[in-house]
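The lines below spell out each chain.
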Amino acid sequence: MAAPNNEKRRNAAMEPSSNPTTLPPPRIEELSRRFFRKVMNRKNILSVGISGATNSGKSSLTKKLAEYFPNSTSFCQDDYFRKVGSKNLELIPELDCYNWDVLSALDTDKMVTDINQQASSLAQTDKTVHLLLVDGFLIFNHRPLSEMFDRKYFLTVSKDVCMERRSNRVYDPPDCDGYFEKIAWPYYLKNLEAISDQKDIVYHDSDSNFLQIFETIKDDITNLLKTKERDLC
């Protein structure tokens, strides 16, 4: 996924405590899980994740859903790419460019923190059901985040359609020669395989009619919101 910007992976290995009754502090992933469980379990928040391949239409779909549902807030993972030159970025020597299609190219910690803060704020208003939309090509690959969605959608795309759409877009920094064939597409397949165990993901083929996909997901979210609203009564 080419676009500039950030993830901090904290592999804080804890030193064994000299006091056997003292437990090491939880890692950032577990803290995220605890907070999300507390906030997302509130009856007035419906959290929806929309993922998919590069150029599958996930951001366009999220934007259209946000426009349709008045009490909605959206986050886009593309806003959290690390900046060019970050030590967390992986340089591909043979292409002389960075790999933007891995979690380490994203500042996932900041994204989780921002979503935490927004969700916590929304949870304070008990009388209104809020829709929290999160879109991104790797949001389901980050398990602490993926586990907190009430509904998960994934837009697949064929290689030819994906390549055609990507060739018509301008990225900053731009794709280097060979990036799609050697990085973008192979890593899409690799990242897709990594989430194959998540049986609660609903897949849609984005090669088909976009408006039809929108209507299907819109109707599903509408029904979920109605259920949430009934639970608030």
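Anyway, here's the lowdown on the structure attached to this text.

Rules and cut-offs
- Residues numbered from 1 in each chain as written.
- Predicted model: local features only at pLDDT ≥ 70, side-chain atom pairs only at ≥ 80, totals over all residues.
- Heavy atoms only, no water.
- Disulfide = S-S within 2.5 Å.
- Helix = DSSP H or I, 4+ residues; strand = E, 2+ residues; numbered from the N terminus.
- Buried < 20%, exposed > 50% of the residue type's maximum accessible area, 1.4 Å probe, protein only.
- 1 Å grid on protein atoms, 1.4 Å probe; cavity = no way out; pocket = protein on both sides within 12 Å on 5 of 7 lines; lining within 4 Å.
- Points joined across faces, edges and corners; volume = space filled by probe spheres on them.
- Nonpolar A, V, L, I, M, F, W, Y, C, P; charged D, E, K, R; others polar.
- Pairing = 2+ DSSP bridges.
- Axes fitted to C-alpha atoms, helices over the stretch in contact; angles between N-to-C directions.

### Some remarks on the state of the cysteines
Under the criterion given, the structure shown has one disulfide. Linked covalently through their sulfurs, C97 and C176 form a disulfide whose S-S length is 2.3 Å. One end of the pair, C97, is in strand β4 (residues 97-98); the other, C176, is in the loop between α5 (159-167) and α6 (179-194), with 79 residues separating them in the sequence. For C97, a relative accessible area of 13% translates into the label buried. The class of C176 is buried, set by a relative accessible area of 18%.

### Topic: empty space enclosed by the protein
The space that makes up the largest cavity amounts to roughly 100 Å³. If you tally residues by element for the lining of the largest cavity, the top one is α6, at five residues. Counted by class, the lining of the largest cavity contains eight nonpolar, four polar and one charged residues.

### A few points about the sheet that holds strand β2 (residues 72-76)
Pairing in this open sheet of five strands is parallel, and the strands run β2-β5-β1-β6-β7 from one edge to the other. On the outer flanks of this sheet lie β2 and β7 (201-205), each paired with one strand and no other. Pairwise comparison of adjacent strand axes, ignoring direction, gives a mean angle of 20° for this sheet. Pairing of strand β1 (residues 45-52) with strand β6 (residues 151-156) involves five bridges; the strand directions are parallel. Paired with S51 across the bridge in β6 is F154.

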